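What follows is each chain in one-letter form.
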Amino acid sequence: MSEKRENWGSKLGLILAMAGNAIGLGNFWRYPYQAAKNGGGAFMIPYFAALILLGIPLMLVEWNQGRYGGKYGHGTLGPMVYLQAREGANPKVARILGGLAGALALGVTVLLNSYYNHIIGWTLGYAFETATGGYMDKAINTGEYFVKYIQSPGKVMVFWLIALAVLGFAVMRGIQKGIEAWAKFMMPTIYVFGIILIIRTLTLGAPVKPEWTPIAGLNYIWSPRWQDLNWTAALAAAGQIFFTLSLGMGIIQNYASYLKPEDDIVLSGLATVSLNELAEVILGGTIAIPIAYTFLGPEGLGAGVGLSFIALPNIFRQMAGGQIFGTFWFLLLFFAGFTSAIAMYNYLVALLEEEAGVPRRVGSVLVFVIYIIFGLPVGLEPILTKTADLAYLTELDNWVGSYLLVVLGLLEVIVTGWLLGLKGLEEMNKGSFWKVSKTFYNVFIQFLTPVSIIILLGFSTRDYFKAGYFKWIPSFVEKTPQLVPWVLAARFVMFAVLIIGFIQAYRNIGKKYGQEIYEGRVLVRRD
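Throughout what follows, the structure given in this document is the object of discussion. (Residues numbered from 1 in each chain as written. Predicted model: local features only at pLDDT ≥ 70, side-chain atom pairs only at ≥ 80, totals over all residues. Heavy atoms only, no water.)

**Examining the side chain of threonine 142**
Argument step 1. Relative to the assigned elements, threonine 142 resides in helix 6 (residues 142-150).
Argument step 2. Here isoleucine 310 takes part through its backbone oxygen, which lies 2.9 Å from a polar atom of the side chain of threonine 142.
Argument step 3. Contacts of threonine 142, omitting those with residues within four sequence positions, involve Phe309, Ile310, Pro313, Asn314 and Arg317. (Helix = DSSP H or I, 4+ residues; strand = E, 2+ residues; numbered from the N terminus. Polar contact = N/O pair within 3.5 Å; in protein donor to acceptor, adjacent residues only side chain to side chain. Contact = heavy atoms within 4.5 Å.)

**Brief notes about helix 12 (residues 265-283)**
Argument step 1. Helix length check: helix 12 (19 residues) gives 26 Å between terminal C-alpha atoms against 27 Å at 1.5 Å per residue, within 8%.
Argument step 2. With a side-chain oxygen lying 3.0 Å from the backbone nitrogen of valine 266, the N-terminal cap of helix 12 falls on aspartate 264. (Expected span 1.5 Å × (residues − 1).)

**As for the packing of aromatic side chains**
Each aromatic ring pair is summarised here by two numbers: the centre-to-centre distance and the angle between the ring planes.
Argument step 1. Scanning the model with the defined rule gives 40 aromatic pairs in all.
Argument step 2. Taking 5.2 Å as the distance between ring centres and 75° as the angle between the ring planes, the aromatic pair formed by tryptophan 8 and tyrosine 255 counts as edge-to-face. One end of the pair, tryptophan 8, is in the segment before helix 1 (11-22); the other, tyrosine 255, is in helix 11 (residues 251-256), with 247 residues separating them in the sequence.
Argument step 3. Residue tyrosine 255 is classed as buried on the basis of its relative accessible area, which comes to 0%.
Argument step 4. Relative to phenylalanine 309, the ring of tyrosine 126 lies with its centre 5.4 Å away and its plane at 85°, an arrangement referred to as edge-to-face. Remark: phenylalanine 309 occurs in helix 14 (residues 306-316) and tyrosine 126 occurs in helix 5 (residues 91-131); sequence separation between them is 183 residues.
Argument step 5. Residue tyrosine 126 is classed as buried on the basis of its relative accessible area, which comes to 1%. (Phe/Tyr/Trp six-rings, centres within 6.5 Å; stacked < 30°, edge-to-face > 60°. Buried < 20%, exposed > 50% of the residue type's maximum accessible area, 1.4 Å probe, protein only.)

Now the structure itself:
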């Protein structure tokens, strides 16, 4: 029986919230770094191939699953996957698939956000540090400054808690007054800040060397370097598509569950992809790398994740108006991270609403507490170990933020494409202005997309073995024994959350659909 659920207030609010969910920190520091590292313009070939083969089909699948589950009153992934899987599999098998999907989605929303929220806190803290001139003295080493920052409880914990509190307040107010209202403010602001920073970037001139100019930086990131294009670059491109579009997390389905039965999911899904790509390829690719190239040259682009918190602060204090534009940069990162984190926060609140009948306000407070508990190890590690290696965060990100996303994406597309079958095409086109063709559905969603994900998982697993991630003590901490307990703790927490997630989803499905599971046949369908 369907339950009364809140809906989005407007089409614009829905698309901005969905785009905000997809547009995150990875658009502005992960993508430029990946592109610069993996062949520049040549990187765009596997990138756009992955967008077509993986990104767009999976985006349509996830919108489909979300609206489908919302008709039955579900906002979490386990029951959604069960409902579609039972169309082509025995309900008992469908229940197991739903349990696996629920476990992976819970793992992502709890564990990825346990460290993602800290990074959001860093961006807010650095916006404050930049605005108040905290590191503007040129005698300060920005690398040491960042290390001291993450080892300072007074700074790290305060800004982390502020970010969490604002997230909780936004989700507490519901879909229309909370998430949608914040998206309508933050998303246009991201684009405005991005345009301001692009204009400033392109007018920097050549303050260090004549050949180090913003245009040369753009040339570096966009000119194809075919010698750097290899399978590793292709893997990086495919991984970036999952990361940047927030695929394989269950949170697109959660947002889509608040749609009305005839809302257009094809146009909305494509609009989400388009807005994300505009933010990533145009804004993300035109800010950080050209700035870094202008002041640091091609060698300075190797800063990777440290580009935002170490290299760019060093640049902001050298450029005219750097304090203002640096503040804009970190606020842009904060808003981008916030609009993604709010979706994961809402997923857990929806889980509490469905599972235990917890009111939204109470659920928002409980999730706030959950995030504090699971986020404490991330914040405490550099404080207690007096290092900046972040082994706990790295281990979680290697598995939850990179690998499990792809596993969940494979499960989703198999359920919709192979088990729901052509009924999935009918559901996808319901209420849609642009219709997905049967040819596209058969070729991509039923064949090319799952095959591509299987290939991606195969080569990724091979690379993980080579990198030593499957060893009891991973290679990246073999020479730092004091960090080994943090890695093992991360693994223990990850397995515990996945087990709890499976049990929770499996029991929830059994509680609501126990009779048909027992009888082995579907009793009620809702078209």
